[in-house]
Amino acid sequence: MREALVILPSSSITLPPNSSPTPPHHHRSATAKPKPKLKPKQKPIHSPSQLTSQSPLLSTPRWDSSSQSRHSLKYYAELASKLAQDGRFNDSLMIAESVVVSGVNAAEFAALLNAKIVSDGIVRLLEEGKLRSVVELLTGAHKLGIEPLKLLDGAAINSLSRECKRTMECGDIEEVVSLMETLKGCGMPIKDLVKPSEIIRLCISQRKPNTAIRYAHIFPHVDIMFCTVILEFGKKGDLASALTVFEASKQNQDTPNLYIYRTIIDVCGLCGDYLKSRSIYEGLIAGKFTPNIYVFNSLMNVNACDLSYTLDIYKQMQKLGVPADLTSYNILLKSCCLATRVDLAKEIYGELKHLEIAGTLKLDVFTYSTLIKVFADAKMWQMALKIKRDMLSAGVTPNIVTWSSLISACANAGLVDQAIQLFEEMLQAGCEPNSQCYNILLHACVEACQYDRAFRLFRSWKEHALQKDNCEDLGSKTDNIIDLSPTLMVSGSIPNCSSASPHGHFSTRIPFRPTTSTYNILMKACGSDYYRAKALMEEMKKVGLSPNHISWSILIDVCGGSGNVEGALQILRSMREAGIQPDVVTYTTIIKVCVETKDFKSAFSLFAAMKRYQIKPNMVTYNTLLRARSRYGSLQEVQQCLAIYQDMRKAGYKPNDYYLKQLIEQWCEGVIQNGNQRTGYFSSRNRSSLEPESMILEKVAEHLQKDNANSVSINLRGLSKVEARIVVLAVLRMIREKYTAGDSIKDDVQIFLGVQEVGIRAVRQESVVKEAVIKLLQHDLGLDVISATSRIGNDRNQDGVNNLEKCSNMEEHAQRGILGANMHSPTRRPAVLQKLRIPKESLQSWLTRRLDASIVNDEKHIVYKSF
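What counts, and where the lines are drawn
Residues numbered from 1 in each chain as written. Predicted model: local features only at pLDDT ≥ 70, side-chain atom pairs only at ≥ 80, totals over all residues. Heavy atoms only, no water. UniProt positions renumbered as here; feature names shortened; annotations may be inferred. Helix = DSSP H or I, 4+ residues; strand = E, 2+ residues; numbered from the N terminus. Contact = heavy atoms within 4.5 Å. Areas by Shrake-Rupley, 256 points an atom, 1.4 Å probe, with all protein chains shown as cover. Phe/Tyr/Trp six-rings, centres within 6.5 Å; stacked < 30°, edge-to-face > 60°. Lys NZ or Arg CZ within 6 Å of the ring centre and 35° of its normal. pLDDT = per-residue confidence, 0-100. Buried < 20%, exposed > 50% of the residue type's maximum accessible area, 1.4 Å probe, protein only. Polar contact = N/O pair within 3.5 Å; in protein donor to acceptor, adjacent residues only side chain to side chain. Expected span 1.5 Å × (residues − 1). Salt bridge = Lys/Arg side-chain N within 4 Å of Asp/Glu carboxyl O. Axes fitted to C-alpha atoms, helices over the stretch in contact; angles between N-to-C directions. Parallel < 35°, antiparallel > 145°, perpendicular 65-115°, else oblique. Left-handed = near helix turned anticlockwise from the far one by under 90°. Nonpolar A, V, L, I, M, F, W, Y, C, P; charged D, E, K, R; others polar. Disulfide = S-S within 2.5 Å. Core = buried A, V, L, I, M, F, W, Y, C linked by side-chain atoms within 4.5 Å.

The protein chain has the name Pentatricopeptide repeat-containing protein, chloroplastic in an unreviewed UniProt entry, where Nicotiana attenuata is given as its organism. Comment text from UniProt for the protein chain, heading Sequence similarities (unreviewed entry), reads "Belongs to the PPR family. P subfamily."

Structure representation (structure tokens):
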């Protein structure tokens, strides 16, 4: 065999020829041997450059099975291992490549490598943070056909896992996924290095769906990974990212994966976008694919809030031949519960009973619990108890949800004793109650105004929970126990452990952990005792609970109930200092306190604060402010309430404005009342003439919101005589109040009644309105009224100027608003604008008389009081 000399370009080591000398102990101690003298007929050995030109790395000797070749192969394997130990991975790979290229089996060479010292080198570089070098080693080994796992022992794998996790903790998810892709390409078990859930969690937190898609494609079960990623995005409320992953999952698929469809529909429900779930379902149907029962159930569950749609999906499911299962019926019952359709729930229950008798279905605890909740919400406690009896007869054991619904059914009906009896039955059945059961009982006591009983129950539960059990006969080592018996429930006494007896008194031991809701219910029971409610809030903090918005709102209500408005406002400030931003309930509560104490300024100031903080008022907020006053005394008060009324309508609420109309009419009628007339007088005739759907408030608001009272026009077109009267009086009162404040009258008051075409008899309604307004102004108020008309249309006067162009700017705007279609639709017949005018001199005289009369009345009142 011809001798071969291997020269490493980056090392001073010269590999030995086939003479098989004893391998050195360490490659750094190996020295280049002098070249042997050439024999006369021996060909010279090629130079290193020539060797490199012959092979990319080294010469390619042929290995045979002789012991000498075997010895040389072991030498090269040991040398490659030691180079790797020193972190010289490139040199080690060059040796491995030379051996593999020369014809040696990669697995045979890998078996001769010293995995321990190779792993030591890998661990050392990983500790130095040179992860990239290690990845290059593993990639190179994989390309040569050497399994990377053969180069790593347990310590190296652990070190590589730590380094991958450290890279992930740096937050660069893109780099982490790229690393995982590379390691997966090397054949590394990436699930053992970093848990997939941790990488998915990082993708979710950084909202990077495309990176999550790349990572999912690494695994053979990519569909399962897609479902996991979609669901995790949904739990975070990121529907957009979940939809991105969903669209990626549909690529390169001839048939849809219904499991993924079911998951995305469930995510739509988690994110509250049930309309999107319908769109996804419709896309599936449009593709001529039939959903399975799981997709249908998820779709119905997400849309359970819409009973009609849920029933439609149920019918479509039947048409497509997909048989409903028990879950389908349970979802239908849930939808009936949300829609408070007791009748339909009864029908479904009857159908289920027939199916159960036929052996098709077997009703479960969820079915019975949902039915009980339907009747509980409808306060049909007797029907709820009947379902409970059917449940027990069918051999189904009630769970905590069932018992909670039963207790709630009696509590909603005000049957406190019955609710407590059910609580005892639950304990006897061995079902451990949760905090909701306790809270339902306390709430029942509070709603029944049994405040002392609520506090006695709470005190007994709390003391038994903190009392250490020393009763050996009960055989329990828990410290959190309570002892409930009929006597305890009624009187609230706390029996000793020895009081438990089998003679009619039920005694059991269960944990009691009050929640924030527990304390909130008790705070409601404090009435107007602010200090007691405050003590409960402090106790709540001591036991590790945090007061929520409801807690602070109740405390504000309790404080305001004693008339302490300033204290309620201080609680609101303390709430903000505690890091809890007030919500609509909090603001509504304190606004109600201000209204009840006649502090209207603070109430409207709080309403303005709500708008600044972009907190949307609710129906209760609006009604509280609109019903704040029993009468209006100034223009500003009327404008405030009208502005709230309009804001309420814009928000989509339909106000009951009958009371507000009465107050507005009363305020308007104050123009013609004398100062000695009784407060609250207004015409019952006029009040009865207002229609329920009248837009009089909008008309009044439109006129009163004008800033300039010096140039006033009143548009009465389309109003009845009663509505016209109120609008005119409202404007006159506005003028009077602004005149009293110092504004002067500079122009006439124009009153526009409507349009009449020449040659056509006037509409009777307009004549009635005109007569009523003239009578009001002349007889009731003593004002001069001038009836005038303006011809408008396409005809021109003798000067060739359109009559409309001769009108003042104020009149021109009014005409444009009144005529509307008349101005845009051509007509041969000219129209006449019917209007009234109050001269400014007459208005000035009337205002002066009213002001003098008011001064005289005030002087008489002062003299009368002095007398």
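Now, onward.
1. A look at the overall build of the protein chain
Assigned secondary structure in the protein chain consists of 43 helices and 4 strands. When contacts within the protein chain are restricted to residue pairs at least 6 apart in sequence, those whose partners lie at least 24 apart make up 69%. Entry remark: accessible area of the protein chain is about 44,800 Å², with carbon and sulfur atoms responsible for 50%.

2. With respect to the environment of Lys 840
When you line up the elements, Lys 840 lands in helix 43 (residues 840-866). Expressed as a C-alpha distance, the spacing of Lys 840 and Asp 747, which sit 93 residues apart in the sequence, is 5.6 Å. Apart from residues no more than four positions distant in its own chain, Lys 840 is found in contact with Ile 745, Lys 746, Asp 747 and Asp 748.

3. Quick look at the packing of aromatic side chains
Counted by the stated rule, this structure contains 11 aromatic pairs. In textbook terms, an aromatic cluster arises when at least three aromatic residues are bridged by ring pairs, as seen for Phe 423, Tyr 438 and Trp 461. Lying over the aromatic face of Tyr 309, Arg 278 brings its terminal NZ or CZ to 3.8 Å of the ring centre. Lying over the aromatic face of Phe 600, Arg 629 brings its terminal NZ or CZ to 4.7 Å of the ring centre.

4. Observations regarding the confidence of the model for the protein chain
Scored by pLDDT, the protein chain has a mean of 75; 75% of the residues are at 70 or more. Looking over the protein chain, one finds the lowest element-wise mean pLDDT in helix 26 (residues 486-491), namely 33, and the highest in helix 16 (residues 293-302), namely 95. Ignoring residues within four places in sequence, the model shows residues 466-508, a span with pLDDT below 50, making 80 contacts including any to other chains. Low pLDDT, under 50, characterises residues 794-827; the stretch is placed with 38 contacts to residues that sit more than four places away or in other chains.

5. Things to note about helix 33 (residues 619-626)
Because an α-helix completes one turn every 3.6 residues, residues spaced three or four positions apart along the sequence face the same direction. For helix 33, every residue scored as buried is listed here: Thr 621, Tyr 622, Thr 624, Leu 625 and Leu 626. Its buried side turned inward, helix 33 meets helix 31 (584-596), helix 32 (600-612), helix 34 (635-650) and helix 35 (658-669). For helix 33, the side-chain oxygen to backbone nitrogen distance between the N-cap and Val 620 is 3.2 Å, and the N-cap itself is Asn 618.

6. Some words on helix 14 (residues 258-270)
Along its 13 residues, helix 14 runs 18 Å from first to last C-alpha, staying within 8% of the 18 Å computed at 1.5 Å per residue. When we look at burial in helix 14, the residues that qualify are Ile 260, Tyr 261, Thr 263, Ile 264, Ile 265, Val 267 and Cys 268. Those residues of helix 14 that are buried are in contact with helix 12 (222-235), helix 13 (239-249), helix 15 (274-286) and helix 16. The opening residue of helix 14, the one whose side-chain oxygen lies 3.0 Å from the backbone nitrogen of Tyr 259, is Asn 257.

7. Side note on the UniProt feature "repeat: PPR" (unreviewed entry) in the protein chain
Residues given the UniProt feature "repeat: PPR" (unreviewed entry) here are residues 325-359, 364-398, 399-433, 434-468, 548-582, 583-617 and 618-655. As annotated, residues 364-398 comprises 74% helix and 0% strand, and the C-alpha atoms at either end are separated by 10 Å. What you have in residues 548-582 is 74% helix and 0% strand, and the ends, taken at the C-alpha atoms, are 10 Å apart.

8. Some words on the pattern of salt bridges
Oppositely charged side chains may form a pair once their charged atoms are brought near each other. In total, this model carries 19 salt bridges according to the counting rule given. Lys 235 is the salt-bridge partner of Glu 232, the closest N and O atoms lying 3.6 Å from each other. With Glu 232 and Lys 235 both in helix 12, this residue pair falls 3 residues apart, about one helical turn. We classify Glu 232 as partly exposed; its relative accessible area is 29%. Taking the shortest distance from any N to any O, the salt bridge between Arg 725 and Asp 780 comes out at 3.8 Å. You can see Arg 725 sitting in helix 38 (residues 721-740) and its partner Asp 780 sitting in helix 39 (residues 764-780), a full 55 residues away along the chain. In the salt-bridge network here, residues are joined through shared partners; they are Glu 174, Glu 181 and Arg 214.

9. So, the packing of helix 23 (residues 416-428) against helix 24 (residues 435-447)
Contact pair helix 23 / helix 24: the axes reach a minimum separation of 9 Å and the direction vectors enclose 165 degrees. On the basis of the axis angle, helix 23 is roughly antiparallel to helix 24. Every pair of crossing elements has a handedness; the one defined by helix 23 and helix 24 is left-handed. Between helix 23, through Val 416, Ala 419, Ile 420, Phe 423 and Met 426, and helix 24, the contact on the second element is made entirely by Cys 437, Tyr 438, Leu 441, Ala 444 and Cys 445. A class-by-class count of the residues in the contact of helix 23 with helix 24 yields 10 nonpolar, no polar and no charged.

10. Examining the state of the cysteines
The tally for this structure, following the rule as stated, stands at 0 disulfides. Cys 431 takes part in no disulfide bond, and the closest cysteine sulfur, belonging to Cys 437, lies 7.1 Å away.

11. A look at the nonpolar core
Counting residues in hydrophobic clusters, the biggest one holds 240 residues, and the most contacted among them are Phe 109 and Met 180. Top contributing element to this core by residue count: helix 38, with 12 residues. Non-local contacts of Phe 109, meaning those with residues more than four positions away in its chain, are made with Leu 73, Tyr 76, Ala 77, Ala 80, Ala 96, Val 99, Val 104 and Ile 146.

12. Looking at the environment of Asp 417
Take Asp 417: it is sitting in helix 23. A C-alpha to C-alpha distance of 9.6 Å links Asp 417 and Ala 444, two positions 27 residues apart in sequence.

13. Let's talk about unusual backbone geometry
Trans is the common state for peptide bonds, and a negative phi is the common state for residues other than glycine. Positive phi values are uncommon outside glycine, yet Cys 449 reaches one of about 60 degrees. If you trace the backbone, Cys 449 turns up in the loop between helix 24 and helix 25 (451-466). Cys 449 gets classed as exposed once you look at its relative accessible area, which sits at 53%. Its identity as a non-glycine residue notwithstanding, Gln 614 has a phi of 60 degrees, on the positive side. Summarising the element assignment, Gln 614 is placed in the loop between helix 32 and helix 33. Classification of Gln 614 as exposed rests on a relative accessible area of 73%.

14. Concerning the side chain of Thr 588
Residue placement: Thr 588 occurs in helix 31. Owing to a relative accessible area of 7%, Thr 588 belongs among the buried residues under this scheme. Those residues in contact with Thr 588 that lie beyond four places of it in its chain are Asn 618, Val 620 and Thr 621.

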